[in-house]
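Architecture at a glance
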Amino acid sequence: PKTAGIAGEAIKSAVGRLTPHLQQLLALKLWQLTANEGSSRLGVAAVLELAGSDPKPLLRRASRREIGKQAEVVGAIPPWSPLEIASNSPIQYRFDNRSDRPVYFLLVGVDANGKAVMLYSSQPLLPKASLTLPATGNRPDRQSGLVQMQAIFATAPFSRIEEVLKGDNQFVLERQQQQPLLQPLNCATALLQDLQAASAVPSNILSGATDVFALDVRQWASFCFVYRVTEPSEN
């Protein structure tokens, strides 16, 4: 979407214009490939909910083998149809660490405006603790569109991602809210490296390969949240 060029555009110009879009699509694919809701042995859960004094759950995700709960869309929503949320609805994520060890977390993906975003924290979520985080930045998404976010948990810090973010002068590491991500593909590669480091995979398993990653399902969990932002109802 929104990548059409002008008539008669030179191939070199088109390639240069489309490269950031293609890199973002590849980054999104890599983020989504980390999803392991059905195999993770890390006891964590995540809920997308309507914010308020009595939060209403909209989407639930959990590591099924460890917690034993099926992921679900709350309400009568067909599985092939993404949940629809009005753009003026206050929404938030709730992360639950039900394991006996601290876990590190981040939220990364593409917002309703088609831009790569990340919520990053260097502080771990302690055992048996919960944390509520905003589902958007300083303001709700005003533009209709599909949101594709990945909530990712690991038993070790995301040190390589942090190094990439430190090179982005516009990203504030201490700010726990979604921020634009200028280097999505670099962050996707760094994420895989961080998850592999958390897995402590013996070097002989990879046989020196640099484009292959081996991950331990006991050390990470990754959940996908997909929903569509719509215009508010007039009723």
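Given the structure is predicted, the values throughout are model-derived calculations rather than measurements.

1. Observations concerning the layout of surface pockets
- Each pocket or cavity is described by its volume, and for the largest pocket that value is around 680 Å³.
- Every residue lining the largest pocket is counted, 26 residues in all, and those nearest its centre are P1, H21, Q24, G114 and K115.
- Counting only elements with at least two residues in the lining of the largest pocket, the list comes to α1 (11-33) and β9 (145-154).
- By residue number, the principal contributor to the lining of the largest pocket is α1, which donates 7 residues.
- Residues that form the lining of the largest pocket fall into these classes: 14 nonpolar, 9 polar and 3 charged.

2. Examining the pattern of salt bridges
- Applying the stated criterion across every chain, the model contains 10 salt bridges.
- In this structure, the salt-bridge partner of D216 is R218, at a minimum N-O distance of 2.8 Å.
- For D216, a relative accessible area of 15% corresponds to the buried category.
- A single salt-bridge network, built from bridges that share partners, covers E49, R94, D96 and R98.

3. Quick look at the confidence of the model for the protein
- In the predicted model, the protein carries a mean pLDDT of 88, and the fraction of residues at 70 or more is 91%.
- With pLDDT under 50 throughout, residues 74-79 is counted as low confidence; its partners more than four residues away or in other chains account for 4 contacts.

4. Quick look at the packing of aromatic side chains
- Inspection of the entire model under this criterion finds 5 aromatic pairs.
- Measuring from centroid to centroid gives 6.3 Å for Y93 and F95, while their planes differ by 45°, and the two rings are tilted. F95 matches Y93 in its accessibility class, with the two residues each being buried.
- Ring centres 5.9 Å apart and planes at 55° place the aromatic pair F153 and F223 in the tilted group. You can see F153 sitting in strand β9 and its partner F223 sitting in strand β11 (residues 220-230), a full 70 residues away along the chain.
- What makes F153 buried here is its relative accessible area of 0%.
- Taken together, the ring pairs in this structure connect Y93, F95, F105, F153, F223 and F225 into an aromatic cluster.
- In this structure, R61 is placed above the aromatic ring of F225, and the distance from its NZ or CZ to the ring centre is 5.6 Å.

Conventions and cut-offs
- Residues numbered from 1 in each chain as written.
- Predicted model: local features only at pLDDT ≥ 70, side-chain atom pairs only at ≥ 80, totals over all residues.
- Heavy atoms only, no water.
- 1 Å grid on protein atoms, 1.4 Å probe; cavity = no way out; pocket = protein on both sides within 12 Å on 5 of 7 lines; lining within 4 Å.
- Points joined across faces, edges and corners; volume = space filled by probe spheres on them.
- Helix = DSSP H or I, 4+ residues; strand = E, 2+ residues; numbered from the N terminus.
- Nonpolar A, V, L, I, M, F, W, Y, C, P; charged D, E, K, R; others polar.
- Salt bridge = Lys/Arg side-chain N within 4 Å of Asp/Glu carboxyl O.
- Buried < 20%, exposed > 50% of the residue type's maximum accessible area, 1.4 Å probe, protein only.
- pLDDT = per-residue confidence, 0-100.
- Contact = heavy atoms within 4.5 Å.
- Phe/Tyr/Trp six-rings, centres within 6.5 Å; stacked < 30°, edge-to-face > 60°.
- Lys NZ or Arg CZ within 6 Å of the ring centre and 35° of its normal.

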